[in-house]
Amino acid sequence: MTDEFVVTPYKVSGEVDYEVLIERFGTKRIDEQLLARLAKYGPLHPMLRRQIFYSHRDLDWVLDEYDKGNRFSLYTGRGPSGPIHLGHMMPWAFAKYLQDTFKAKLWFQLTDDEKFMFYDQLTLEETKRWGYENALDIIALGFDPKLTRLFLDTEYIKTMYPTAIKAAKRINFSTIRAVFGFDNQNNVGSIFFTSIQTVPCFLESMEQKRKVPCLIPCGIDQDPHFRITRDIAEGMGYYKPALLHAKLMPSLQGANKMSTSSGNETTIFTVDDRKTVKKKIGNAFTGGRVSVEEQKKLGGDPDVCSVHQYNTYFFEPDDKKLAKLYDDCRAGRIMCGECKNLLFEKVWAFLEEHQRKRAKAKDVLEDFFVRD
Ligand code: SF4
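Treat the numbers as computed from the prediction; the structure is a model and nothing was measured. (Residues numbered from 1 in each chain as written. Predicted model: local features only at pLDDT ≥ 70, side-chain atom pairs only at ≥ 80, totals over all residues. Heavy atoms only, no water.)

Of all hydrophobic cores here, the largest spans 68 residues; its most connected members are Leu 48, Phe 143, Leu 150, Ile 268 and Val 347. It is helix α5 (residues 86-102) that provides the largest number of residues to this core, a total of ten residues. Taken together, domain 1 (6-248) and domain 2 (264-359) each give at least three residues to this core, which thus spans both. With residues up to four places along the chain from it excluded, the contact list for Val 347 reads Leu 86, Ile 268, Val 277, Ile 281 and Phe 315. (Core = buried A, V, L, I, M, F, W, Y, C linked by side-chain atoms within 4.5 Å. Buried < 20%, exposed > 50% of the residue type's maximum accessible area, 1.4 Å probe, protein only. Helix = DSSP H or I, 4+ residues; strand = E, 2+ residues; numbered from the N terminus. Domains from an automatic or database assignment. Contact = heavy atoms within 4.5 Å.)

Here it is as structure tokens:
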């Protein structure tokens, strides 16, 4: 069964086996030794301790360079096609941890061009508008304006285009077809797009006019883009970008990845109100039993439970509290209603604060954006 799953930047389906994915993509596990090394720079982020960020390419090399005084830049991005949900925020919160820990400059790309080319129903004006909407959520996470450059592809293309076409000349169609699973029906813009996605790996080098390492924290579904970038980087006179890969945040339905397309009923958006959030968590898929009596007797199954996944991924940073929730569930000491309520309180506390910061982000938008 596990062989049947598909993970590309444009499609995630089936039951993802993350161990198999490491082999399939040819990445490396973040092992105990690397975790111990990371812990020397500051407290380990829960997503590292819990192996949510679990795989990498050349992270050890990036740290070697950092130790020598050759600091890296960070690159992450967002395809602006709609509102932000909690699954989007996870790698960004981690990017903030990296920025804070290593005082790293972050290039944050908003791919309004990509979403226009890939979504028939969206106009370019709409993807651009979503870009500016989504930027509010990004800024609200607390990135340092002095160390963060936000840009829309269509507004920064003059800077990026010469490098994009140098990349494009080195990538042939058969590679694109093999990596992304495209066929003759894909428009030529989507086939070209990975050349644009390559450029932010080199923006810091372009700006400083010397080779600067780049580290990309992202969902592992994004890895194929950067495999291509890594293949061509040295030929273009840059370092290969390094990557840190996260498992994909599951939806409240218990499916693989929280997705806007999996339906509004199971996806918590950052702008949802209290009542809506409560309802969505109330409807979450759990590992509970059919009756309270049975659950008291047999316990629940946190390993398949989306509520527990939410706590693990984002909402219960305290390892001891998380372990207690796990044990209480297994032992039948906590029922799903109470457990969902506990999660709701944490999610809502986070969102209420986020919405306040999001409203204020409008005033400082220009401190973050770069344009041609
Ligand atoms: Fe999930 Fe909590 Fe129910 Fe256990 S008690 S199955 S962790 S909701």
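All told, the structure shown has two cavities of 30 Å³ or more when counted by the stated rule. Taken as a whole, the largest cavity holds about 110 Å³ of empty space. Every residue lining the largest cavity is counted, 18 residues in all, and those nearest its centre are Cys 305, Val 307, Cys 329, Cys 336 and Cys 339. Elements that contribute at least two residues to the lining of the largest cavity include exactly α15 (306-315), α16 (319-330) and α17 (336-361). (1 Å grid on protein atoms, 1.4 Å probe; cavity = no way out; pocket = protein on both sides within 12 Å on 5 of 7 lines; lining within 4 Å. Points joined across faces, edges and corners; volume = space filled by probe spheres on them.)

Moving on: the site of the ligand. Every residue near the ligand is listed here: Thr 286, Gly 287, Gly 288, Gln 295, Cys 305, Val 307, His 308, Cys 329, Ile 334, Cys 336 and Cys 339. Here the ligand occupies the largest cavity. Residue assignment for the shell around the ligand shows that the elements contributing at least two residues are α15 and α17. The residue makeup of the shell around the ligand, split by class, is six nonpolar, five polar and no charged. (Near = heavy atom within 4 Å. Sits in = over half its atoms within 2 Å of the grid points. Nonpolar A, V, L, I, M, F, W, Y, C, P; charged D, E, K, R; others polar.)

For the rest of this paragraph, the subject is the domain arrangement of the protein chain. By domain assignment, the protein chain separates into domain 1 (6-248) and domain 2 (264-359). If you look at the interface, domain 1 gives 18 residues, while domain 2 gives 21 residues. Around 1,700 Å² of area is buried between domain 1 and domain 2 when both sides are counted, 63% of it from carbon and sulfur atoms. The three residues of domain 1 that bury the most area against domain 2 are Arg 50, Leu 86 and Ala 140, which together make up 39% of that side's buried surface. (Buried area = accessible area lost by both parts, 1.4 Å probe.)

The next subject is the pairing of strand β4 (residues 53-57). Most of β4 sits inside the fold, with five of its five residues counted as buried. Bridging between strand β3 (residues 28-29) and β4 involves two bridges; their strand directions are antiparallel. Paired with Lys 28 across the bridge in β4 is His 56. Pairing of β4 with strand β9 (residues 242-246) involves four bridges; the strand directions are antiparallel. What sits directly across from His 56, in β9, is Leu 244. (Pairing = 2+ DSSP bridges.)

Bringing the state of the cysteines into the picture now. Per the stated rule, a full pass over the model turns up zero disulfides. Distance from the sulfur of Cys 214, which forms no disulfide, to the nearest cysteine sulfur (Cys 201) is 4.9 Å. Judged by relative accessible area, Cys 214 falls into the buried class, the value being 1%. (Disulfide = S-S within 2.5 Å.)

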